[in-house]
Each structure stands twice: as structure tokens, then as C-alpha cells.
Amino acid sequence: MLPIRSPLTRRWTVASCLSSRSLVALGLSLLLLPSTYAQEASEKSKPRIVARYSDNGIVSREGLEKLKIYQYQQANGVTVFTDKAPVSNSYQILLYDCFACRPDSTIDWNGIRLFTANYDAVITHAAHKHQLDPALIRAVIHAESAFNARAVSRTGAMGLMQLMPNTAKEMGVENAFLPEENILGGSRYLAQMLKQFNGDVALACAAYNAGPTTVVQYNGIPPYPETQAYVERVKILLKRYREQAGA
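Remember, it's a predicted structure, so these values are computed and weren't measured experimentally.

(A) View of the packing of helix 4 (residues 134–145) against helix 6 (residues 179–196). Look at helix 4 against helix 6: their axes get within 11 Å of each other, and the N-to-C directions meet at 110°. On the basis of the axis angle, helix 4 is roughly perpendicular to helix 6. Within the contact between the two elements, helix 4 uses Leu136, Ile137, Val140 and Ile141 and helix 6 uses Ile183, Ser187, Leu190 and Leu194. Tallied by class, the residues present in the contact of helix 4 with helix 6 amount to seven nonpolar, one polar and no charged.

Below, the structure written as C-alpha cells:
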């Protein structure tokens, strides 16, 4: 019967067959093991992120959002991104771009369902306060977020009128996810863009989307497909909201 060696005995038996150069290399490898374990432990201590989402498109044939990315945190600290609505109410809805910014959108913008009654009192108040056409405010909200008060874009724009953090702060908005604050702040900024561009709705909307500096730089609507699509769709929505108001 052959003698039974322990794992440690077997390890040194194999090592005894190695050359001196190999032993030196082996020794160095063993010295590096603690740092390797430390690195693995460090990686395990970092918060894990889980992403689960579909790439089947973001809108249905009716023009409503088909894909929403929900972000929430599990009890074990794992941050999850998923297109399935979580049971918990503590989550954010992420959008990759504004609702009307996709150049390849197949939405029928002349037939998409309008939001004619949503936040009516707030929009009326904001229009009166900032001397804006209520239909324009409604068109911009529709184009920005499809009236999703909890929307967050990939660039960090928030709420109904997709206010960037710095813009929200400048407009006096403390909580961009509160519809009243968001609409008042967004309307104030939209009014500033209209004033800067002498009441030109197309240029004001281009500035709202791409920034006033960019509009000045190009002396018109910037040659960005997203911005050009956005401006055209806001104009279509504005016309339709005005027609609804007149009716």
C-alpha cells in the first residue's frame, strides 16, 4: 500500500522537483498572495450594481413609453436597474433621453395622445406668472418627459420639465420632483429663453434643449439631430395643444 500524503506533503513533494529558479518564482508568488486576497476583499466590499433591461425600444405603437428603467436599492445594499416595476415605492425612473429627442422615433406626433388636463392649475399659474402660453408649457412638458414627474435622464435632468441640477438651483427649485416646483422653475427658464431670443419659439426651445450658448454659437438651431427633432416635435405639440385649448 502506498503511503498517504497530506496536501501539504504533496505540495512540498512537487516543489522538491522544481529548479532553484522556479522555487524563487514560487516564493515571489506566495509573497504576493496576501495582496491578492486584500484586493479581492476590497472588491467585495464595494457596492454591487445589477442591471436588467430590455432593448426592444422605449415606446409602444401608441406613442407611450414602453421601456422604463427603474432604479432602486435592495435591503442588502445592491443597486438594481430593471425594466420591471419594483414592489417598493422607493425608486426612480430613468430615461436615456428626453421623450421627443430620438431622431429615429416612430411616434405619430400628429396623433399621439395629448395630456390636456394634467397639472392644469399649476400650468395656468406658471403661464400667468411668467407670461407664457399655457399650450407651450404643456408642449415642452410632453416633449421632455411625457408628463412623467419622476423621470430622470441619463444626464441627470429631473422631473416633468427635465431640469438639470444647476438650472433647478438657479430657478429656485428645491425639489425638482415636486410638479409645482418643477413646472414653475421650468417655465421661468423657458420664459428667459424666449426673452433672450426675442420671442422666437423655435430658438427658445432649441436653447431649452441644447443650451442658449450653443444656439448663439450656431446663430440658429444647432445641427444636432436630437435638438432639431425636439424643436419640430415641440412645434407640432404646441399647435395641437393650442387647437385643443381653442376647442
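(B) Structural context of helix 3 (residues 120–130). What helix 3 keeps buried is the set Val122, Ile123, Ala126, Ala127 and His130. Along the axis of helix 3, the buried residues cluster in a sector spanning 130°; they form a single face. When the buried face of helix 3 is taken as reference, the exposed residues oriented beyond 90 degrees from it are Ala121, His128 and Lys129. Each element contacted by the buried residues of helix 3 is listed here: helix 4 and helix 6. The positive-phi residue at the C-terminal boundary of helix 3 is Gln131, with phi of around 55°.

(C) View of the nonpolar core. Core analysis: the largest hydrophobic core is formed by 53 residues, its most contacted members being Ile137, Val140 and Tyr230. For this core, the elements supplying multiple residues, two or more each, are helix 3, helix 4, helix 6, helix 7 (201–210) and helix 9 (225–246). The contact partners of Ile137, leaving out residues within four places of it in the chain, are Ile123, Ala126, Ala127, Leu132, Met161, Ile183 and Ser187.

(D) How the structure looks around the pattern of salt bridges. A complete count under the given rule lists five salt bridges for this structure. Two residues, Glu232 and Lys235, come together in a salt bridge whose shortest N-O distance is 3.6 Å. Remark: Lys235 and Glu232 occur in helix 9; sequence separation between them is three residues, near one turn of the helix. One salt bridge connects Lys239 with Glu243, and the closest N-O pair in it is separated by 2.6 Å. Placement of the pair is Lys239 and Glu243 together in helix 9, with a separation of four residues, close to one helical turn. Its relative accessible area of 46% is what places Glu243 among the partly exposed residues.

(E) Region of interest: the environment of Tyr208. Residue position: Tyr208 is located in helix 7. In this structure the C-alpha to C-alpha distance between Tyr208 and Gln192, which are 16 residues apart in sequence, comes to 9.6 Å.

What counts as what
- Residues numbered from 1 in each chain as written.
- Predicted model: local features only at pLDDT ≥ 70, side-chain atom pairs only at ≥ 80, totals over all residues.
- Heavy atoms only, no water.
- Axes fitted to C-alpha atoms, helices over the stretch in contact; angles between N-to-C directions.
- Helix = DSSP H or I, 4+ residues; strand = E, 2+ residues; numbered from the N terminus.
- Parallel < 35°, antiparallel > 145°, perpendicular 65-115°, else oblique.
- Contact = heavy atoms within 4.5 Å.
- Nonpolar A, V, L, I, M, F, W, Y, C, P; charged D, E, K, R; others polar.
- Buried < 20%, exposed > 50% of the residue type's maximum accessible area, 1.4 Å probe, protein only.
- Arc of directions from axis to C-beta.
- Core = buried A, V, L, I, M, F, W, Y, C linked by side-chain atoms within 4.5 Å.
- Salt bridge = Lys/Arg side-chain N within 4 Å of Asp/Glu carboxyl O.

Nothing here speaks to function; it is geometry throughout.
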